[in-house]
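# Overview (structure and organization)
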Amino acid sequence: MERPYRVRRSCLAVPASSERFITKARGLPADEVFLDLEDAVAPAAKPQARANAAAAVAGDWGGRTVAVRVNDASTQWAHKDVIEVVSAAARVDVIVLPKVTSPGHVVWLDLLLGQAEQAAGLPLGQTGIEAQIEDARGLAAVNAIAAASPRLEALVFGPADFMASVGIRSLDVGGQPEGYAGGDVYHYALMRILIAARAQGLQAIDGPYLKVRDTGGFRRSAASAAALGYDGKWVLHPDQIDAANEVFAPSQADFERASRIIDAYAHATTVDQRGAVMLGDEMIDEASRKMAQAIVARGRAAGLPATA
Ligand code: GLV
Ligand code: MG
């Protein structure tokens, strides 16, 4: 089954233990909403959160992508999480699998989803997977993880667990630790995840920025991931949504320039039979077309108008 393209500039985390937050999330402009059964939910609250998530996914989410973050594959909760939410709804777009440390975790989820879909009479393969890479083992195995299932749609960096795993000396998740002189402390992990994702045609999503009142810090962190090539970022608070949607969409000027590159290149290769051509004072070729194509696809997904 071919995977649909889903826009993921902003992926909103909603603790499934809170019916109030779930109700509120329905009206927020996040591209993706994921109902969290994992770290935002205390162990004693997990069964109720699972029931809330199963009831909520069946409701109306408009055009948003609806996801559920289940507990990780080594826990006592994971299999029930998957079975209950998939059986309850005609539509849960994606399961977010946290703390993925080996391709086996993804293979397990792929098989279980197949069983749950068949039992519920749903199209086989309809549920996608996002895999969170959030510790040293996961990062070391990221290439194999990215290739583990045709259901995979995105790899997601988990900075909080990652910081704990490798010993980054800070509690400021998503921010830069004091004393680090090397630039961006997350760069290596972000780049490895991005390359592994792109090698398999997947999206790459950056994780949370915990200081939700620090909108400047969030915007800097998001802009850095977007500049690197990331498709979107988690948001933990309604105040972070607009910034993420803006930062991960191309500017109108870039969108229009990219459209012009595609038109000029199509004219050059078909009508003029040339592989490289001048557009204004810039030489464009096949590589320029590919870059332009990616910007146009993101701009369209973000709903940018064809001309300003
Ligand atoms: C998200 O799950 C994180 O650990 O940052
Ligand atoms: Mg985590």
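Here the structure is a predicted model, which means the values were calculated and not measured.

## Considering the overall build of the chain
- When you go through the chain residue by residue, the secondary structure sums to 12 helices and 10 strands.
- Relative to the globule expectation of 19 Å for 308 residues, the C-alpha radius of gyration of the chain, 20 Å, shows essentially globular dimensions.
- Dimensions of the chain, computed from C-alpha atoms along their principal axes, come out at roughly 65 × 55 × 35 Å.
- For the chain, the residues scored as buried account for 50% of the 308 residues in total.
- For the chain, contacts bridging at least 24 residues in sequence account for 72% of all contacts bridging at least 6.
- Total accessible area on the chain is roughly 14000 Å²; 56% of this is exposed by carbon and sulfur atoms.
- Put simply, the chain has 31 plus and 36 minus side-chain charges, and the middle of one group is 2 Å from the middle of the other.

## Focus on helix α2 (residues 46–57)
- With 12 residues, α2 ought to run about 16 Å at 1.5 Å a step, and its terminal C-alpha atoms sit 16 Å apart, in line with that.
- Taken residue by residue, α2 has Lys 46, Ala 49, Arg 50, Asn 52, Ala 53, Ala 54, Ala 56 and Val 57 as its buried positions.
- Packing partners of the buried residues in α2 comprise α1 (19–25), β2 (32–36), β3 (65–69) and α3 (78–88).

## Some words on the site of ligand 1
- Close to ligand 1 lie Arg 69, Gln 132, Glu 134, Gly 158, Pro 159, Ala 160, Asp 161, Pro 208 and Trp 234.
- A distance of 3.0 Å is found between an oxygen atom of ligand 1 and a side-chain nitrogen or oxygen belonging to Arg 69.
- Examining the composition of the shell around ligand 1, we find that three residues originate from one element, helix α7 (residues 159–166), more than from any other.
- When grouped by side-chain class, the residues that make up the shell around ligand 1 number four nonpolar, two polar and three charged.

## A word on the coordination of the magnesium ion (ligand 2)
- Distances from the magnesium ion (ligand 2) to its protein donors, Glu 134 (OE) and Asp 161 (OD), fall within 2.0 to 2.2 Å. Linking Glu 134 in the loop between β5 (128–133) and α5 (136–140) with Asp 161 in helix α7, this pair joins segments that are 27 residues apart in sequence.
- The exposure class assigned to Glu 134 is buried, which follows from its relative accessible area of 3%.
- For Asp 161, a relative accessible area of 24% puts it in the partly exposed group.

## Quick word on the packing of helix α9 (residues 215–228) against helix α10 (residues 238–247)
- In contact at an axis separation of 10 Å, α9 and α10 are set at 30° when each is read in the N-to-C sense. The pairing of α9 with α10 is recorded here as roughly parallel in orientation. In this structure, α9 crosses over α10, and the sense of that crossing is right-handed. Between α9, through Thr 215, Phe 218, Arg 219, Ala 222, Ala 223 and Ala 226, and α10, the contact on the second element is made entirely by Asp 239, Gln 240, Ala 243, Ala 244, Glu 246 and Val 247.
- Of the residues assigned to the contact of α9 with α10, the class counts are seven nonpolar, two polar and three charged.

Basis of the calculations
- Residues numbered from 1 in each chain as written.
- Chains lettered and ligands numbered in written order.
- Predicted model: local features only at pLDDT ≥ 70, side-chain atom pairs only at ≥ 80, totals over all residues.
- Heavy atoms only, no water.
- Helix = DSSP H or I, 4+ residues; strand = E, 2+ residues; numbered from the N terminus.
- Rg over C-alpha atoms; globule rule 2.2 N^0.38 Å.
- Buried < 20%, exposed > 50% of the residue type's maximum accessible area, 1.4 Å probe, protein only.
- Contact = heavy atoms within 4.5 Å.
- Areas by Shrake-Rupley, 256 points an atom, 1.4 Å probe, with all protein chains shown as cover.
- Lys, Arg positive; Asp, Glu negative; His and termini not counted.
- Charge placed at Lys NZ, Arg CZ, Asp CG, Glu CD.
- Expected span 1.5 Å × (residues − 1).
- Near = heavy atom within 4 Å.
- Polar contact = N/O pair within 3.5 Å; in protein donor to acceptor, adjacent residues only side chain to side chain.
- Nonpolar A, V, L, I, M, F, W, Y, C, P; charged D, E, K, R; others polar.
- Donors = N, O, S within 2.8 Å, 3.2 Å for Na, K, Ca; no water.
- Axes fitted to C-alpha atoms, helices over the stretch in contact; angles between N-to-C directions.
- Parallel < 35°, antiparallel > 145°, perpendicular 65-115°, else oblique.
- Left-handed = near helix turned anticlockwise from the far one by under 90°.

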